[in-house]
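Each chain is listed here by its residues.
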Amino acid sequence: MRIFAAVLPPADAVRELAPEVDALQRMPGADALRWTGRPGWHFTLAFYGEVADDLVPDLSERLLRAAHRTGPFSMSLHGGGHFGDRALWVGAAGEIPTLRLLADRAEAAGRKAGVTMEEHRRYRPHLTVARSRVSADLKPYVTALDAFAGKPWTVGELCLVRSNLPTSGVPREQPRYETVASWPLGADDGRARAGG
């Protein structure tokens, strides 16, 4: 299955961001971008790609330990940025060092479980809101996001998410994301909660 570790923003944060993204979608040239659907908004911590079913239990056990070793922390949606001329994202503020630590632990969990991982890069928190298949000038959108500062929330769990890629061939169809399991941060009972 195609999976990744993530922090999911709560419904209040999604509702707060939605009008900002709606405004971006009304800007000149926005029709050329592929905007991500609200159900897909997340902060990827570690992308594992296609993982063999027999590796998932060990990966899950290691993610449980990563969650257990990381206490809850505060963060908020804040500002924006872009990766080259292909991806527009909303950033984060708050206890970013703890978010980076959790991302490092999620990546290490994958490596130790035998998942083939890309070369390690310093984690940059981002929630992708739009992509482009061709070169696009994303700077006006980033400028429009400069003043955006959402309310803080407490990150309380680490999620393992399955990405179901579009198969219908319908233009602009979005991937569907499914939380496979989640683990409370800092908890000592060690039990995963099944997603759905």
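Okay, so let's go over this structure. (Residues numbered from 1 in each chain as written. Predicted model: local features only at pLDDT ≥ 70, side-chain atom pairs only at ≥ 80, totals over all residues. Heavy atoms only, no water.)

### Examining the layout of surface pockets
Okay, so step 1: When its volume is computed, the second largest pocket comes out at roughly 180 Å³.
Okay, so step 2: Lining of the second largest pocket is provided by 14 residues; of these, L8, P39, G40, W41 and Y177 occupy positions nearest its centre.
Okay, so step 3: With 3 residues, the single largest contributor to the lining of the second largest pocket is strand β9 (residues 176–184).
Okay, so step 4: Partitioning the lining of the second largest pocket into residue classes produces 8 nonpolar, 4 polar and 2 charged. (1 Å grid on protein atoms, 1.4 Å probe; cavity = no way out; pocket = protein on both sides within 12 Å on 5 of 7 lines; lining within 4 Å. Points joined across faces, edges and corners; volume = space filled by probe spheres on them. Helix = DSSP H or I, 4+ residues; strand = E, 2+ residues; numbered from the N terminus. Nonpolar A, V, L, I, M, F, W, Y, C, P; charged D, E, K, R; others polar.)

### Quick notes on the pairing of strand β6 (residues 127–131)
Okay, so step 1: Burial analysis of β6 places 4 of its 5 residues in the buried class, which makes it a mostly covered element.
Okay, so step 2: Here strand β5 (residues 87–94) pairs with β6 via 4 bridges, running antiparallel. Bridge pairing in β6 links A87 to R131. (Buried < 20%, exposed > 50% of the residue type's maximum accessible area, 1.4 Å probe, protein only. Pairing = 2+ DSSP bridges.)

### Overview of helix α2 (residues 56–68)
Okay, so step 1: The terminal C-alpha atoms of α2, which comprises 13 residues, lie 18 Å apart, in line with the 18 Å expected from a rise of 1.5 Å per residue.
Okay, so step 2: For α2, every residue scored as buried is listed here: V56, L59, S60, L63, L64, A66 and A67. In an axial view of α2, the angular spread of the buried residues amounts to 160°, which keeps them on one side of the axis.
Okay, so step 3: On its buried face, α2 is in contact with β1 (2–7), β3 (43–50), α3 (96–112), β8 (157–164) and β9. (Expected span 1.5 Å × (residues − 1). Arc of directions from axis to C-beta. Contact = heavy atoms within 4.5 Å.)

Just distances and angles here, no functional claims.
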